[in-house]
Amino acid sequence: MSEALEVPLYMRRYGLDPGKELDEILETEGVVQVTLPDGTPAYLVCRYEDARQVLSDPQRFTSVLPRSIGAHLDDEERRRLQAGTMLLFDPPEHTRLRRTMTPQFTARRLERLEPTIAAIVESALDDLERAGRPADLVRHFALPVPLLVICELVGVEGDDHAEMTDRFTRLMDLSLTPQQHTAVHAENRRFLAELVTRARAAPGENLLGMLVREHDAQLSTEEVVGIVASLLIGGHETTSGMLSLGTLALLQHPDQLAMVRDDPAKAQQAVEELLRFLSVVSVTGRTTTTDVHLAGRTIPAGSSVLISLPRANRDRAFLADADRLDIDRAAPGHVAFGHGVHRCLGAPLARLQMRVAFPALLRRFPGLALAQPDAEPAFRPFGAVYGVDTLPVTW
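Since we're looking at a predicted model, the values are computed, not measured.

Details of the pattern of salt bridges
Pairs may arise between side chains of opposite charge once their charged atoms sit close together. Going through the model one piece at a time under the given rule, you end up with 27 salt bridges. Among the salt bridges present, the one from Glu205 reaches Arg213, with a minimum N-O distance of 4.0 Å. Salt-bridge contacts for Glu272 lead to Arg351; the nearest nitrogen and oxygen are separated by 2.4 Å. Of the two residues, Glu272 sits in helix α13 (residues 267-278) while Arg351 sits in helix α15 (residues 347-364), which places them 79 residues apart along the sequence. Its relative accessible area of 22% is what places Glu272 among the partly exposed residues. Each of Glu273, Arg276, Asp321, Arg324, Asp326 and Arg329 takes part in one network of salt bridges that share partners.

Comments concerning unusual backbone geometry
In this structure, the amide linkage connecting Pro91 to the following residue, Pro92, adopts the cis form with an omega of 10°. At the junction of Arg133 and Pro134, the peptide bond is cis and its omega measures out at -5° in the coordinates. Here Pro134 shows up in the loop between α5 (107-131) and β6 (135-136). In the Ramachandran plot, Ser279 falls in the positive-phi region, its phi being about 40° despite a non-glycine side chain. Locating Ser279 in the fold gives a position in the loop between α13 and β7 (283-288). Taking the relative accessible area as the measure of exposure, Ser279 reaches 1% and is therefore buried. A positive phi angle is found at Ala295, which is not glycine, with a value near 55°. Here Ala295 lies in the loop between β8 (292-294) and β9 (297-299).

Here we look at the environment of Ala124
Along the polypeptide, Ala124 turns up in helix α5. Of the residues examined, Ala124 reaches a relative accessible area of 7% and is grouped as buried. In this structure the C-alpha to C-alpha distance between Ala124 and Arg79, which are 45 residues apart in sequence, comes to 39 Å.

Definitions and limits used
- Residue positions are given per chain, counted from 1 along the sequence in the order it is written.
- Restriction of local features to residues with pLDDT of at least 70 applies here, the model being predicted, together with a cutoff of 80 or more for giving and counting side-chain atom pairs; totals for whole chains, interfaces and linings are based on all residues.
- Side-chain measures were taken over the full set of non-hydrogen atoms in the model, leaving aside hydrogen atoms and water.
- Between Lys or Arg on one side and Asp or Glu on the other, a salt bridge is scored when a side-chain nitrogen of the former is within 4 Å of a carboxyl oxygen of the latter.
- Put simply, DSSP H or I for four residues or longer makes a helix, DSSP E for two residues or longer makes a strand, and each gets a number counted from the N terminus.
- A simple rule labels every residue: compare its accessible area, found with a 1.4 Å probe on the protein chains alone, to the largest value its type can have, and call it buried under 20%, exposed over 50%, or partly exposed in between.

Here is the structure:
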């Protein structure tokens, strides 16, 4: 289906770079009106400072979806599908939901998970090596590592992994119709509701078990399902995209790759620079609650506002040479994980996985290279998370 569609302006990429059309917007207007696939207008924000302003102001830029999105749903269907999804609520409801999960992502909790992550990474590398040259890095490494980590954290059994991966892929495909998305969301929530029922009967020492033990009185089944769905989908897709595109970026910059491979102290700053440089979440959205003045223009109340995270993170007002990958730079403050109250809850877990995975991959395969260096990788232009379908590598 996606082959027949034109990639919207706000999702266009050229390889690892944001769409060239966005450069002119950033340099001139900063904010421009665009048209969403359903024909409704929206305002696209490209500059770093404007992006931070929008993301940090939930009073004027709400995360609650307007009625025009999901207009095919009745009120009960809409309520059920959104329940527990933190990204679709503002404070204080967002604060209530997020508070249940924050203790699970502290540095101390994640330190306990690091040996498990290291073991999952090594197992994936074994699988990659057994596959023989050339092997698909996505299939054998970038997909399974975050999937197994987030399933281990939440408490999802191995028999369900393949089915979940298929559902996640469909959920993140923005070329699907609203009706198709609704059907996949409903399918996913039915599956997770079964997990919640099992966890209530026998809560384990995992995140799902913690939710039903400690918060069952405060959270409905639908809210628990929504929280877990957000973690599973977001925690898998974004990290998977970063592992595949991050490896591709390093292979295209051999000097940067050598530093990550040879100097363990470089791993954390390499992760931050790759997050900024790649920004795998192409766009995030808000709705204005009042007339807003931004970048010299007035955006009316009730307008959809889209923030181009890749373009904001490559804004030369933020970094003078923002189009260059440089893991030695000390440039905190990127918006790859968002900004403000909705900053990604799972960001510490994603960072930890990448900090473990990239050096382990490059040490195991010091001669890692693209198996088809002259071929264009199979990018996914319609994915809510940018990535590649396959990445054949050799060593």
